[in-house]
Amino acid sequence: MRLIGELILSHELDTIKTTAFQSPVYCGDCLNISKIWADSGISELLFSITRYKFQNAGYQKDKANKDNPEIDEYFSEYISSLRVPASICIKPSIRLCDRLFDLGFDRVGFNYNLNNTEKIYQALKYISTRYGGQATFLIYEMKFTHSDIENLSNVIDTIQEYGVGEIIIKDVLAENKCVNPSNVDVISMIMKEREIRFGYSGGIKFSDVCSEHFQDFSSLSIGGDITFVKQNKVMPGF
Amino acid sequence: MSIKILSSGWGNINKLRTYFGCFSNVEVITEVALKTNEVLILPGVGNFEFISNSLLENKIRSKIDQHILNGGRLIGICSGFQILFDSSDESNLPGLGILKGKVSKLSKLNIGWHSMETNGGDVYFMNRYGVLDTDLKKQNDYEFQFTNTQDGSRILSYCRSEKILGMQFHPEVSRDACERLVGDFIK
């Protein structure tokens, strides 16, 4: 199983830390933090671009903003020399996908959004047919309602057809708290007899990393800042 | 001696440029017109059908064949390695047929760090398809090494001859663990 260090980034590409995906605070420079993660023994880095923009001395969600920031110039010198694989989660943009792979990202993925499903599916299909299904993934934020679970099954059916390799389930309510084992069990049930790999994010502590609860998952995402790494010294070769 | 990375619509080109730049002079090319002492790189991060189509449309297939016939060397990485085979479950289009065998769809995505059996270092795999040991037609002048996927399938990890080095894993991520394998071939 892979341990993914997830860096949540504002529109300005600052590393931020949220509580249940709200109230973001500044954590540090993205490139410095990712270097610390990369040296810690993490399996992979995931850069997640959010809609938070720095306004009025704090980060505010800019819902009207449909554009990705100027990612390519920022990462151009750094990504190709990284010694761990690097994935990035952006708003769907086919032109930017090409640029990101060219820069050296190993995977490009997207956050599932009910209001933008068509564009997301289009982008997933584009990546699968050009760069291979292994080069893309979908992040699905869940509150574990009945409609959430039903919709997840439909989404999986669709993206499996495109050959998408992995879906990462984010337990929104567990973020910065603890893993909810019954939610993990729900995902484990959905996972049975599915071709796609399942990753998990939300409330992960170091003690969860070797837990039997996650034995069928392909990845666990931890994130926010480097506290996890400093306190727990991520196991090498994980 | 220099290294030429083929850029034809797929691949993590800049990462390969940085990686292979540690071994020798590197140039990114869109047309194949190589000298015998130059090493051609077929990059990974691609789709078999897309690659096969691209090589055909851009009239590159025959030039790759000519490069090898002339005694030139070639490195194939991940999907750039898979295209060297006869065929793949990923497409109805043919591979280059330089290596004999079929690329099969694995039960699930094979992704993560696995041990290289020969020297114990970990290398990074990211493949939905692979060459199963049962689908490989062994060729006498090649060395073949295998690895087990997360689901227990045995797939070809890399193969090597005097002129061809094919790696299912990504050396540009794996770095130290395969430095000797790649370095010895390029020299």
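To continue, consider the overall build of chain B. Scanning chain B for helices and strands turns up 6 helices and 10 strands. A globule of 187 residues ought to have a C-alpha radius of gyration of about 16 Å, and chain B, at 15 Å, matches this closely. Summarising its shape, the C-alpha atoms of chain B cover approximately 40 × 35 × 30 Å along the three principal directions. Relative to its 187 residues, chain B shows a buried fraction of 61%.

Pairing between sheet strands relies on hydrogen bonds along the backbone, with the strands arranged either parallel or antiparallel. Taken together, the 3 strands give an open sheet; going across it, the order is β5-β6-β7 (chain B), and neighbouring strands pair in mixed fashion. Strands at the two margins of the open sheet, each flanked by one partner only, are β5 (87–88) and β7 (122–130) of chain B.

The subject of this paragraph is the sheet that holds strand β2 (residues 25–29) of chain B. All names here are of chain B. Strand order in this open sheet of 7 strands is β2-β1-β3-β4-β10-β9-β8, and the pairing throughout is mixed. Because the sheet does not close on itself, it has two edges, and the strands there are β2 and β8 (143–148). In this sheet, neighbouring strand axes are inclined to one another by 25° on average, regardless of whether the strands run parallel or antiparallel. Relative to strand β9 (residues 154–160), β8 runs antiparallel, the two sharing 6 bridges. Opposite glutamate 143, over in β9, you have arginine 160 as the bridge partner.

Now for the interface of chain A and chain B. Often, the extent of an interface is quoted as the loss of accessible area on bringing the components together. Taken together, the contact pairs 31 residues of chain A with 30 residues of chain B. Summed over both partners, the interface of chain A with chain B comes to about 2600 Å²; 48% of that surface belongs to carbon and sulfur atoms. Viewed at the interface, chain B and chain A are joined by 5 salt bridges. Between the two partners, chain A and chain B, sit 17 residue pairs in polar contact (both at pLDDT 80 or more). Listed by contribution, the elements that provide at least two residues to the side of chain A that touches chain B are α3 (94–103) and α4 (117–131) of chain A. Here the side of chain A that touches chain B takes 4 residues from α4(A), the largest share from any one element. Split into classes, the residues belonging to the side of chain A that touches chain B amount to 10 nonpolar, 10 polar and 11 charged.

Reading the values: rules and limits
- Residues numbered from 1 in each chain as written.
- Chains lettered and ligands numbered in written order.
- Predicted model: local features only at pLDDT ≥ 70, side-chain atom pairs only at ≥ 80, totals over all residues.
- Heavy atoms only, no water.
- Helix = DSSP H or I, 4+ residues; strand = E, 2+ residues; numbered from the N terminus.
- Rg over C-alpha atoms; globule rule 2.2 N^0.38 Å.
- Buried < 20%, exposed > 50% of the residue type's maximum accessible area, 1.4 Å probe, protein only.
- Pairing = 2+ DSSP bridges.
- Axes fitted to C-alpha atoms, helices over the stretch in contact; angles between N-to-C directions.
- Contact = heavy atoms within 4.5 Å.
- Buried area = accessible area lost by both parts, 1.4 Å probe.
- Salt bridge = Lys/Arg side-chain N within 4 Å of Asp/Glu carboxyl O.
- Polar contact = N/O pair within 3.5 Å; in protein donor to acceptor, adjacent residues only side chain to side chain.
- Nonpolar A, V, L, I, M, F, W, Y, C, P; charged D, E, K, R; others polar.

Note that all results are geometric; they support no functional claim without further evidence.
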